[in-house]
Amino acid sequence: MKDFTMDEAQPRLLDQTGMGIIGKPLPRRDGKLKVSGTAPYAADTPHPARMAHGVLVRATIPRGRVAGFDRAGIADIDGVIEIVTDARLSRNPTQGMAGEATVQPGDEVHYHGQPIALVVAETFEAARDAAQRLTVRYETTDPGGVSPDKPKDTEIADPETAGDFDAAWGAAEVKVDLEFTTPSHVSAAMEPHAALAEWDGDRVTLKGSQQMLRFNRNELADSLGIDPSKVRILSPYIGGGFGSKLGIGPEAVAACVAAEKLGRPVRVVMPRQTVFDSVLRRSETRQRVRFGATRDGRITAISHDDTVSNLDGESFAEPTTQASQFLYGADGLSFTQTVARISATPAGSVRAPGEAVGMLAFEAALDELADKLGMDPVDLRLKNLPEKNPMTGQPYSARRLADCLTEGAAAFGWADRGAPGSRREGDWLIGMGVASAARSNMLVKSASRVRLHGAHAVVETDMTDIGTGSYTILGQIAAEMLGLPVDAVEVRLGDTDLPGASGSGGSFGASSAGSSTFLAAKEIRERIAEKLGCAADDLTLNDGIARGGNIEKPLAELVDTEIVAEASIEGGKTAESHFSAGFGAHFAEVAVNEWTGEVRVRRMLGVMAMGRILNEKTARSQAIGGMVWGLGSALTEDMQMDRRDGHVVTRDLANYHVASHLDVPSDMVVTFLEERDDMANPIQSKGIGELGISGAGAAIFNAIAHATGARLHDYPATPDKVIAALEARG
Amino acid sequence: MRSFDFHQSGEIGDAAGALGREAAIIAGGTNLLDLMKIQVMTPERLVDITRLDGLSAIEADGENLRIGALVTNTHLAGDSRIRAGWPLLSRAILAGASAQIRNKATTGGNLLQRTRCPYFYDTSQACNKRAPGTGCAAQGGAGRMLALFGTSPDCLAAHPSDMATALTALQASVEIRAASGEIRTVPMHEFYRGPGDSPDIETVLAPDDIVTAVLLPAPRAGTKQTYRKVRDRASYAFALVSVAAIVKVEDGRIAEASLAYGSIAPHPWMNHAVEEMLVGQAPSDDLFARAGEALTAAPAPHPDTEYKRPLLRRTLIAALREATGLSESAHGVDTARIPA
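Residue numbers restart at each chain and count upward from 1, following the sequence in its written direction. Chain letters start at A and ligand numbers start at 1, both assigned in the order the entries are written. Only residues with pLDDT of at least 70 get local features here, since the model is predicted, and only at 80 or more are side-chain atom pairs given and counted; chain-wide, interface and lining totals rely on the full set of residues.

Attention shifts here to the overall build of chain A. The helix and strand labels rest on DSSP assignments: H or I over at least four residues marks a helix, E over at least two residues marks a strand, and numbering proceeds from the N terminus. What chain A contains, in helices and strands, is 17 helices and 29 strands. Throughout, the radius of gyration refers to the C-alpha atoms, and the reference size of a globule is 2.2 Å times the residue count to the power 0.38. Against the 2.2 N^0.38 benchmark of 27 Å for 730 residues, chain A shows a C-alpha radius of gyration of 26 Å, consistent with a compact globule. Structurally, chain A occupies a C-alpha span of about 85 × 70 × 50 Å along its principal axes. A residue is called partly exposed when the number of other C-beta atoms within 10 Å of its own lies between 12 and 20, exposed at 12 or fewer, and buried at 20 or more, with C-beta atoms placed from the backbone. A burial count over chain A gives 62% of its 730 residues as buried. Within chain A, counting contacts between residues at least 6 apart in sequence, those at least 24 apart form 82% of the total. Residues are scored as being in contact if the C-beta atoms we place from backbone atoms lie within 7 Å.

The following block contains the structure:
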């Protein structure tokens, strides 16, 4: 195993290899399987003999304890095997990268919707029927607070500051002081959470839908009280995660526990309503944003304070102000977070935790400052880009935000947008909006193995492909490095028996697992150079031929016994010396119906610089997917919870509105600016998917303001809120 | 889903004989099966009527049309006669659900779809409609989709159908076969009943009645028809409010108006005082604003539906402006003129 730490900038080898495979818009390797319904997702894998079906029972009180079950009501259902309760069952999914079990509540109930037992039956239908009809006896206790406006407890963190905010705010010539709200969100991945557990002696194999296997194995082992070496997890295909499958979920633990108790394989699939009830949601937020500036538009004071919620025992708090801390400079900056503790479905990472909702407020508030200054919002942003990260003093590793803003403005026709409220087509008011995009970039420890035999290579890692294109890009990296056509590289993912990768999360998967795959392939290049008797720097590998030191040999001949190389990478000194983030600019044009308050996005443009693009097609899909999320957060998505008992009210996809096809404009353009981030990792790439969402919704919100001349402060901009703003404007 | 008997009928008398309080008719099943999976509906018997003869055609009766109860939403919305003479109906149907659902959903089933109140859908919550006598958890709960008019203390739920709203404005009627074999017709505005103290009973149908057809009267010459649906996203969402408007302008004055409103009451809503205000007047923003005020004068029964008052008022204005030519039809808005 070659261990590498990212301590300094690395040569741009992928610019020298010359195969032209890196960056190429190749279609996904798994595309045909997925569109033909033949990709074996967890619940679809062939059912082992004697497999039983489990359905989770949900608590219908916000707090208390389960005193018992009354089985009389389900006595008539054929095939019910057992109601499994166990001290090892988990309350909710573990938080991302926890690596250990979450709260195991025993017979306690901590929120309405908590899984409290698993009904196991011979058929799924019988198990679901029994889980729904089972009478649960409770002892209820005071939940102490189920709604963020009436929490049982609040925790206020110490402010994070730079400079003297109070002084800068006091002296500012122009100020905005605004409050915004964003509702709770849910990941709403197309594939509901599913698990199939099977024991062989003291070893358990879980076929699950998981994003981060290296962590998930430890979380499952810790939940079950066994050694991680006894746990194998397989997640070759995942139907979307968006953070909801970062941690091991209650369905997986329950499947393992039930399979052990019953001595037979058990499959647990969450019905959609259970996904809403018990999978980690994104917290709602209440945000106060303050900007102080000089009259000529230099920002002098920035403050962004937020209140988010979570269930007690959960360490996660939506990092709302993450991008606010590095986008713009000021003399004084201050950020304070408050966490409200409530007895309700717990919160965790949902796509781009922090930026996804923090930038909705921050970038909309900045537009209100531009209004007050009488400045073009693009110019205001350009004028306030700091030399260095204003909180840490680190230089940016690569930041083309100014180019994104200016090139985007030119391409979008920004200069022709006119005054607010000045464009109309019939009853529709037309407006344009802009917002910066920013998402901090991470490198997470990751390992890969590459095998080369003749002119055929295999990439092996427990990395997952959650619909993002991991199979495809890892194959491209190995093919580029080894001088092979992509078809000559096989990619095996999603198995904890393979080297432990970063997993998919935080948009770090492609760069992290891509780097470990790159390093393993680089190691193979060195071994080939040795065989050829040349220096690694002199080696060229192209179309299956190795050349170096005036020698030329086909790999098929040169590599007659398999070469195996394994490499791992982790972050090092560059993470301290430099600040790495993806940057971009979102532009949106909307039409707002002046009578009904309906908002239609007519076109969107995202201009992004996110380091080396590994596959132009999968990257674009990721960016567009993120922008659609941004559109949903601006206009439609709103997870509602009952103020009396905290239960989730919008428990299906008819009531929780993700953007529909008709909401998404056909004119949706993504432009990538050429960039290499030398400090990020040895392949100079950065995260993509979450940059697409970060700021996109604010551009739409700002466009609504430009169209109507009315400002909204509560997301999403559903017709009720838009007409209220129109009526308030007069 | 609970176990149930499945009775497939080839003859309508046999189907009627299999019906009763614990039975449910299944045709497209697009709403019923979802509700059965989550045990909001737990019929002991399903009576499949999809093999019955004579219920799947759209037939002309002079200038009127008889739409069989099993005619699918897709078939109905696409029928050339409907599109020419009753475009309001076509467009209301196409404003609802998805192509896949419309391919299965039937005319009779659409009329009988259940409310989308989330408390009705959640068996952990009190609901007089689902479980009579248990109470109404929507009172004091999250109530954005609830009704504005025609509610009772026992139930605040709204009827979500776009098609039924259009049929009400079109003054259609429902043809019903009783178990005795007797056929009767009931006008749309008398087909549904308010919740009162028994919100579980939503229509005038007896348990063994079968809806056999919807009867559409001849289109009104010279009218313009508009269906305006406002929802939380551009497609595939239930209406927050909707307005079906059939208006005739003659010599600069409104000569006829027939209006119905969707998703704001336990059934498609009518308010004839509004039509009376309009008829005989010249179309103007001022007139429409007053009509909107009159329509939405009553207070909202739940604080979360207070927004529906201004939204309905403004949507009515938008629909009337379009139907009378004060404003151009907006893109995606459903307006068509019937030749005079």
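Quick look at the overall build of chain B now. Helix and strand counts for chain B stand at 13 helices and 12 strands. Relative to the globule expectation of 20 Å for 340 residues, the C-alpha radius of gyration of chain B, 20 Å, shows essentially globular dimensions. Counting only C-alpha atoms, chain B reaches 60 × 50 × 35 Å along its principal axes. Considering chain B as a whole, with its 340 residues, one finds that 53% of them fall into the buried category. For chain B, restricting intrachain contacts to residue pairs at least 6 apart in sequence, the fraction spanning at least 24 positions comes to 65%.

This part takes up the sheet that holds strand β24 (residues 545–548) of chain A. Sheet strands line up and pair through hydrogen bonds in the backbone, either parallel or antiparallel. Residues and elements named next belong to chain A. The rule for pairing is simple: two strands pair if DSSP sees at least two bridges between them. Spatially, the three strands line up as an open sheet ordered β23-β24-β25, and their pairing is antiparallel. In this open sheet, the two edge strands, each paired with only one partner strand, are β23 (540–542) and β25 (551–554). On average, each strand axis in the sheet is inclined to that of its neighbour by 20°, with strand direction left out of account. Sheet topology note: the β23/β24 ladder contains three bridges and is antiparallel. Each bridged residue has a counterpart across the sheet, and for Thr540 the counterpart in β24 is Arg547. Angles run from 0 to 180 degrees between N-to-C directions of axes, and those axes are lines fitted to C-alpha atoms, restricted for helices to the stretch in contact.

Given 3.6 residues per turn, any residue in an α-helix points the same way as the ones three and four places further on. All names here are of chain A. Helix length check: helix α11 (residues 509–532), at 24 residues, gives a terminal C-alpha distance of 34 Å against a target of 34 Å (1.5 Å per residue), a fit within 8%. In terms of residue burial, α11 counts as a mostly covered element, since 18 of its 24 residues are buried. Gly533 sits one or two residues past α11 and shows a positive phi near 80°. By definition here, a helix of n residues has an expected span of 1.5 Å times n minus one.

To continue, consider the interface of chain A and chain B. Contacts between chain A and chain B engage 33 residues on the former and 30 residues on the latter. For the side of chain A that touches chain B, the secondary structure elements donating two or more residues are α2 (124–133) and α17 (719–729) of chain A. Per-element accounting of the side of chain A that touches chain B gives the leading share, four residues, to α17(A). Here the residues of the side of chain A that touches chain B sort into eight nonpolar, 14 polar and 11 charged. Side-chain classes follow a simple rule in which Ala, Val, Leu, Ile, Met, Phe, Trp, Tyr, Cys and Pro form the nonpolar group, Asp, Glu, Lys and Arg form the charged group, and the remainder, Gly included, forms the polar group.

Before going further, it helps to examine the domain arrangement of chain B. Domain start and stop points were drawn from an automatic or database domain assignment. As assigned here, chain B comprises domain 1 (5–51) and domain 2 (224–337). Once you take the C-alpha centre of each, domain 1 of chain B and domain 2 of chain B turn out to be 36 Å apart.

Further remarks concern the pairing of strand β26 (residues 563–571) of chain A. Looking along a regular strand, one sees the side chains alternate between the two faces of the sheet. Residue and element names in this part refer to chain A. Pairing of strand β1 (residues 2–6) with β26 involves five bridges; the strand directions are parallel. When the bridges of β26 are listed, Thr5 appears paired with Glu570. The pairing of strand β20 (residues 446–453) with β26 spans seven bridges and is antiparallel. By the bridge assignment, Ala447 is partnered in β26 with Ser568.

With that out of the way, let us pick up the sheet that holds β26(A). All names here are of chain A. Reading across from one edge, β1-β26-β20-β21-β22 is the order of the five strands in this open sheet, with mixed pairing throughout. The open sheet is flanked by β1 and β22 (489–492), the only strands paired with a single partner. Pairs of neighbouring strands in the sheet enclose a mean axial angle of 20°, with direction left out of account. Bridging between β20 and strand β21 (residues 456–460) involves five bridges; their strand directions are antiparallel. Its bridge partner lying in β21, Val450 is registered against Val459. Of the strands in this sheet, β20, β21 and β22 touch helix α10 (residues 470–482), which is tilted by about 140° from β22.

Residues and elements named next belong to chain A. Counting 240 residues, the largest nonpolar core has Ala478, Ile700 and Ile704 as the members making the most contacts within it. At 12 residues, the largest contribution of residues to this core is made by helix α7 (residues 355–373). Among residues more than four places away in sequence, those in contact with Ile700 are Gly433, Ala588, Val590, Val601, Leu631, Ala634 and Leu635. Core analysis: the next-biggest nonpolar cluster, separate from the first, contains 83 residues, Ile74, Ala189, Ala258 and Met641 among them. Working definition: the nonpolar core is a set of buried Ala, Val, Leu, Ile, Met, Phe, Trp, Tyr and Cys residues, joined through C-beta atoms within 7 Å.

Right, let's get into the domain arrangement of chain A. All names here are of chain A. One can read the domain layout of chain A as domain 1 (2–38 + 443–576), domain 2 (42–143 + 191–275) and domain 3 (396–440 + 580–729). In this structure, domain 1 and domain 2 have C-alpha centres spaced 36 Å apart. Between domain 1 and domain 2, the contact holds 16 residues from the first and 20 residues from the second. Tallied by class, the residues present in the side of domain 1 that touches domain 2 amount to three nonpolar, eight polar and five charged.

Let us look at the confidence of the model for chain B. For any part of a model where pLDDT is low, the fine detail of the predicted coordinates should not be relied upon. Every residue carries a pLDDT, the predictor's confidence in it, which falls somewhere between 0 and 100. When pLDDT is averaged across chain B, the result is 95; 96% of the residues are at 70 or more. Predicted complex, confidence summary: ipTM 0.96, pTM 0.97.

This part covers the UniProt feature "domain: FAD-binding PCMH-type" (unreviewed entry) in chain B. UniProt positions are given in the numbering used here, feature names are shortened, and annotations may be inferred rather than shown by experiment. Within this structure's numbering, the places UniProt gives as "domain: FAD-binding PCMH-type" (unreviewed entry) are residues 1–221 of chain B. Between the end C-alpha atoms of residues 1–221 of chain B the distance is 49 Å, and the span holds 27% helix and 17% strand.

Another aspect to go through is the UniProt feature "domain: Aldehyde oxidase/xanthine dehydrogenase a/b hammerhead" (unreviewed entry) in chain A. The feature "domain: Aldehyde oxidase/xanthine dehydrogenase a/b hammerhead" (unreviewed entry), as annotated in UniProt, sits at residues 36–142 of chain A in this numbering. What you have in residues 36–142 of chain A is 9% helix and 32% strand, and the ends, taken at the C-alpha atoms, are 50 Å apart.

Glancing now at the pairing of β22(A). Residues and elements named next belong to chain A. Across the two faces of β22 the burial differs, with Val489 and Val491 buried and Glu490 and Arg492 not buried at all. Relative to β22, β21 runs parallel, the two sharing four bridges. Note that in β22 the partner of Ala457 across the bridge is Val489. In this view, the connection linking β21 to its parallel neighbour β22 by way of α10 has right-handed handedness. A crossover counts as right-handed when, viewed with the strands pointing away from the observer, the path leading from the first strand over the helix to the second turns clockwise.

Moving on: the environment of A:Gly208. Residues and elements named next belong to chain A. With respect to the element layout, Gly208 can be found in strand β12 (residues 203–208). Each C-alpha atom of the pair Gly208 and Arg729 lies 52 Å from the other, and the pair is 521 residues apart in sequence. Beyond its immediate sequence surroundings of up to four residues, Gly208 is in contact with Ala42, Ala195, Ile233, Ser235 and Ala252.

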